[in-house]
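Residues per chain are reported as follows:
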Amino acid sequence: MNLKWYTLLVILSLFLSHTRSLTLLTEKVSPVSQVVFISMANNSYRTVYAFAREMHPKTVKTDIQYGTAGFRTKATNLGYVMYRMGLLAVLRARYKRGVIGVMITASHNPEPDNGVKLVDPKGEMLDQSWEKWATKFANVGDDQLEETINEIIKEYDIPMTDRVEIVVGKDTRPSSPSLAKSVMDGVLALAGKPIDYGIVTTPQLHYFVVCKNTNRQYGEPTEDGYYKKLTGAFKKLRGETYTNGNYKNRLLYDGANGVGAKKIKYFQELLGNTLKIEMFNDAIIGSGKLNYMCGADYVKSQQKFPTGVPVEPNVRCCSVDGDADRLIYYYMDENNGFHLMDGDRMATLIAGYLKEVLEETGIDLNLGLVQTAYANGASTDYIAKKLQVPVACVSTGVKHLHHKALDYDIGVYFEANGHGTIIFSTNAKEKLREAAKNNTISDERRLAAEALLNLIDLINETVGDAISDMLLIETILHAKGWDIQQWEDAYTDLPNRLMKVTVQDRNVITTTDAERVCVTPEGLQAEIDSAAAKYKKGRSFVRPSGTEDVVRVYAEAATREEADELAVEVAKKVHELAGGTGNPPELN
Ligand code: 16G
Ligand code: MG
């Protein structure tokens with residue numbers, strides 16, 4: 001190349017890089033090419049690929065899958081995955097023309113783990129049709145990254161010129177800050193605008209996304225806005241009397257040494273004496289490990305009182321998980337007997353209460369409850385027969401429950417593990433607003449409509465929110481004048497047992513009918529059926545876990561011994577027919 005051409009080329013590239021750095025400062029991004037280039041710092045072009053290779057190289061050869069709640073694994077293996085999720089978030093935001101959220105958390109997993117999930121504009125989990133793209137983005141080689149970006153742009157005809165916002169939140173894990181930085185590098189690489197919310201609960205992040213996408217109609221997209229909205233509604237509902245009948249306004253709260261421990265302090269400040277929350281496992285450095293022998297998952301799966309919370313007979317206690325999207329209540333009786341109030345109990349309490357208040361309003365709205373196969377059979381019976389509220393069963397994972405709940409005017413959904421919320425349709429909200437303003441109806445009807453409107457403000461409709469759910473449960477118990485034992489009296493849980501079986505490839509297990517029927521390996525379902533038939537009220541199902549490399553077995557029956565026996569029998573059949581590894585499972 002002669003000197004004249006060379007000089008011309010240099011001048012041209014300097015000019016382009018200058019205009020590029022200017023465009024990054026404006027709201028619109030000019031499409032230099034389909035794949036945008038990065039780095040304002042040194043005012044030069046570098047490709048997404050170069051940036052990936054230099055700063056966030058792919059370090060793991062084995063593939064990783066976008067599971068039930070995003071990617072989750074050892075934090076040390078996640079840097080490049082985070083960078084790529086930053087890229088994908090920008091593409092999704094441009095495609096949806098809205099704000100997308102990225103949450104960095106591994107929820108109830110041990111501290112060395114971490115994870116990431118994307119939040120869609122309406123606050124829902126990333127649409128399932130994009131999960132395969134997330135998986136592809138995470139697994140392609142560094143040198144295939146640009147090609148993959150171009151592929152998705154082409155497939156969805158994504159406009160690459162919008163300046164989109166990506167809101168990023170993280171939990172309290174030591175690995176979270178650097179992983180958040182990787183996400184933001186990915187966002188910047190495609191000229192998106194990262195908004196760092198720092199340490200927040202998962203449900204707070206969902207709330208921010210919805211506030212931004214509804215132009216603040218849902219609320220102020222700030223932590224302050226969130227606390228004020230929820231506590232304001234709570235105080236209105238509680239009124240001037242803080243106790244009522246057997247209800248006492250004192251609650252022991254286990255923060256799992258996570259983000260829920262940090263955030264409850266802001267609530268307590270605003271709640272004052274309306275609710276006296278005594279905090280334990282409160283994430284003070286050195287006081288206890290995240291999720292270790294505490295938190296909602298520990299209490300539910302071990303059916304044990306958590307460490308760090310004082311045992312006081314018959315006193316209401318609750319635990320949240322590491323990112324505060326799950327809640328479990330419990331108490332210890334005077335004989336040291338442990339009583340668990342899980343997601344099914346919360347669902348029944350809430351559905352029953354909503355039904356009563358809805359009847360008082362005289363408004364015709366359809367109320368429904370969504371559960372998974374893990375819901376205790378006794379709870380399903382109680383809801384369908386006693387409360388006469390329709391119940392639907394869907395596959396495990398919040399996205400499935402949330403989706404189904406949208407079918408109702410008032411859709412309550414809860415997983416037994418304590419994750420759940422309520423969704424109100426636009427129709428329901430409009431009718432309630434009309435009724436609350438209507439002077440021609442009785443005071444009773446109008447007040448009931450007002451109470452439901454306040455309840456809507458108390459609830460985080462975007463996703464299950466442990467703290468918001470806790471305020472809701474407290475509101476209902478207060479309204480009924482109940483202590484925790486009266487809540488428990490509704491029905492008696494069938495004894496149940498969960499087991500894990502390790503197999504060579506858990507995907508050999510496929511299921512249908514909301515995971516209640518096993519399709520492959522052939523013959524396994526027949527074995528489950530004949531085992532369950534031997535026990536009174538016997539029910540069992542198996543499914544591959546979406547978060548761990550195991551097959552899960554659930555069994556329930558009329559007695560503890562029978563539930564245990566059934567679980568072991570089914571687990572052994574899984575081991576035998578689905579390529580079990582190690583020794584056949586035994587009850588531990
Ligand atoms: C995730 C899901 C939870 C589900 C659990 C099942 C979300 C936000 N979380 O934690 O809903 O119950 O996975 O885990 O969807 P498993 O597939 O390992 O049993
Ligand atoms: Mg969680």
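The rules behind these values
Residues numbered from 1 in each chain as written. Chains lettered and ligands numbered in written order. Predicted model: local features only at pLDDT ≥ 70, side-chain atom pairs only at ≥ 80, totals over all residues. Heavy atoms only, no water. Helix = DSSP H or I, 4+ residues; strand = E, 2+ residues; numbered from the N terminus. Rg over C-alpha atoms; globule rule 2.2 N^0.38 Å. Buried < 20%, exposed > 50% of the residue type's maximum accessible area, 1.4 Å probe, protein only. Contact = heavy atoms within 4.5 Å. Areas by Shrake-Rupley, 256 points an atom, 1.4 Å probe, with all protein chains shown as cover. Lys, Arg positive; Asp, Glu negative; His and termini not counted. Charge placed at Lys NZ, Arg CZ, Asp CG, Glu CD. Pairing = 2+ DSSP bridges. Axes fitted to C-alpha atoms, helices over the stretch in contact; angles between N-to-C directions. Right-handed = clockwise from strand over helix to strand, strands pointing away. Donors = N, O, S within 2.8 Å, 3.2 Å for Na, K, Ca; no water. Salt bridge = Lys/Arg side-chain N within 4 Å of Asp/Glu carboxyl O. Phe/Tyr/Trp six-rings, centres within 6.5 Å; stacked < 30°, edge-to-face > 60°. UniProt positions renumbered as here; feature names shortened; annotations may be inferred. Core = buried A, V, L, I, M, F, W, Y, C linked by side-chain atoms within 4.5 Å.

Per the secondary structure count, the protein chain includes 19 helices and 19 strands. The C-alpha radius of gyration of the protein chain comes to 26 Å, within 12% of the 25 Å expected for a compact globule of 588 residues. Along the three orthogonal principal directions, the C-alpha set of the protein chain runs to about 90 × 65 × 50 Å. When each of the 588 residues of the protein chain is scored for burial, the buried share is 57%. Considering only residue pairs separated by 6 or more positions, the protein chain has 69% of its internal contacts joining residues 24 or more positions apart. Carbon and sulfur atoms make up 51% of the accessible area of the protein chain, which amounts to about 24,600 Å² in all. With 68 positive and 76 negative side-chain charges, the protein chain shows a separation of 5 Å between the mean positions of the two kinds.

Take the sheet that holds strand S12 (residues 391-394) next. Pairing is mixed in the open sheet, where 4 strands are placed in the order S12-S11-S13-S14. Where the open sheet ends on each side, the last strands, each with one partner, are S12 and strand S14 (420-424). Neighbour-to-neighbour, the strand axes of this sheet turn through a mean angle of 20°, independent of strand direction. Of the pairings in the sheet, the one linking strand S11 (residues 367-372) to S12 comprises 4 bridges and is parallel in character. Paired with valine 370 across the bridge in S12 is alanine 392. Sheet strands in contact with helix H12 (residues 377-387) are S11 and S12, and its direction is about 165° off that of S11.

Attention now moves to the pairing of S11. Counting buried positions over the 6 residues of S11 gives 6, a clear majority of the element. In S11, alternate side chains face the same way, and those of Leu367, Leu369 and Gln371 on one face and Gly368, Val370 and Thr372 on the other are all buried. With 4 bridges joining them, S11 and strand S13 (residues 410-414) adopt parallel strand pairing. What sits directly across from leucine 367, in S13, is isoleucine 410. The handedness of the S11 to S12 crossover, carried by H12, is right-handed.

The magnesium ion (ligand 2) binds to the protein through Ser107 (OG), Asp321 (OD), Asp323 (OD) and Asp325 (OD), with metal-donor distances spanning 2.1 to 2.2 Å. Motif for the magnesium ion (ligand 2), donor spacing along one chain: S-x213-D-x1-D-x1-D. With serine 107 in the loop between strand S2 (100-104) and strand S3 (113-119) and aspartate 321 in the loop between strand S8 (317-320) and strand S9 (327-332), the pair connects residues that are 214 residues apart, well separated along the chain. For aspartate 321, a relative accessible area of 1% puts it in the buried group.

Sheet architecture is open: 3 strands sit in the order S15-S19-S18, paired in antiparallel fashion. Each edge of the open sheet carries a strand with a single partner, namely strand S15 (496-501) and strand S18 (539-544). Neighbouring strand axes in the sheet, compared pairwise and without regard to direction, differ in orientation by 15° on average. Bridging between S15 and strand S19 (residues 551-556) involves 6 bridges; their strand directions are antiparallel. Bridging across to S19, lysine 500 finds its partner in arginine 552.

This brings us to the pattern of salt bridges. According to the stated counting rule, one finds 38 salt bridges in the structure shown. Of the charged contacts in the structure, one is a salt bridge between glutamate 165 and lysine 212, with a shortest N-O distance of 3.0 Å. Here the residue glutamate 165 occupies a position in strand S4 (residues 165-170), and lysine 212 occupies one in helix H7 (residues 202-213), the gap between them amounting to 47 residues. Where lysine 573 meets glutamate 576, a salt bridge forms, and the shortest distance between an N and an O atom there is 3.4 Å. One end of the pair is lysine 573 and the other is glutamate 576, both in helix H19 (residues 560-577) and 3 residues apart, which spans about a single turn. Residue classification places glutamate 576 among the exposed residues on the basis of a relative accessible area of 54%.

A few words on the packing of aromatic side chains. Considering all chains together, one arrives at 21 aromatic pairs under this definition. Seen in terms of ring centroids, tyrosine 197 and phenylalanine 208 are 4.1 Å apart; in terms of plane orientation they differ by 10°. Their pairing is stacked. Remark: phenylalanine 208 occurs in helix H7 and tyrosine 197 occurs in strand S5 (residues 193-199); sequence separation between them is 11 residues. For the pair shown, tyrosine 197 and phenylalanine 208 are each scored as buried. Look at tyrosine 207 and tyrosine 226: their rings are 5.2 Å apart centre to centre, the planes differ by 70°, and that puts the pair in the edge-to-face class. Of the two residues, tyrosine 207 is situated in helix H7 and tyrosine 226 in helix H8 (residues 223-238); the sequence distance between them amounts to 19 residues. Like tyrosine 207, the residue tyrosine 226 is buried in the burial classification. Linked through ring pairs, Tyr197, Tyr207, Phe208, Tyr218, Tyr226, Tyr227, Tyr266 and Phe267 together constitute an aromatic cluster.

Glancing now at the UniProt feature "active site" (unreviewed entry) in the protein chain. Within this structure's numbering, the places UniProt gives as "active site" (unreviewed entry) are Ser107. The exposure class of serine 107 is buried, given its relative accessible area of 4%. Setting aside its immediate chain neighbours within four residues, serine 107 contacts Arg72, Asp171, Arg173, Asn291, Asp321, Gly322, Asp323 and Asp325.

Quick look at unusual backbone geometry now. What you tend to see is this: most non-glycine residues have negative phi, and most peptide bonds are trans. Of the consecutive residues threonine 520 and proline 521, the connecting peptide bond is found in the cis state with omega at -5°. Topologically, proline 521 is positioned in the loop between strand S17 (517-520) and helix H18 (524-533). Located in the positive-phi region is methionine 293, a residue other than glycine, with phi close to 55°. One can find methionine 293 in the loop between strand S7 (276-280) and helix H10 (296-302). By relative accessible area, methionine 293 is classed as partly exposed at 36%. Unusually for a residue other than glycine, aspartate 513 sits at a positive phi of about 50°. Within the secondary structure, aspartate 513 sits in the loop between strand S16 (510-512) and S17. Accessibility expressed as a relative area gives 41% for aspartate 513, which makes it partly exposed.

Of all hydrophobic cores here, the largest spans 83 residues; its most connected members are Tyr329, Leu354 and Met470. When near neighbours in sequence (up to four residues on either side) are disregarded, methionine 470 contacts Leu251, Tyr253, Ile264, Leu275, Ile277, Cys318, Leu327 and Tyr329. Core analysis: the second largest hydrophobic core is formed by 49 residues, Ala75, Ala93, Ala138 and Met184 among them.

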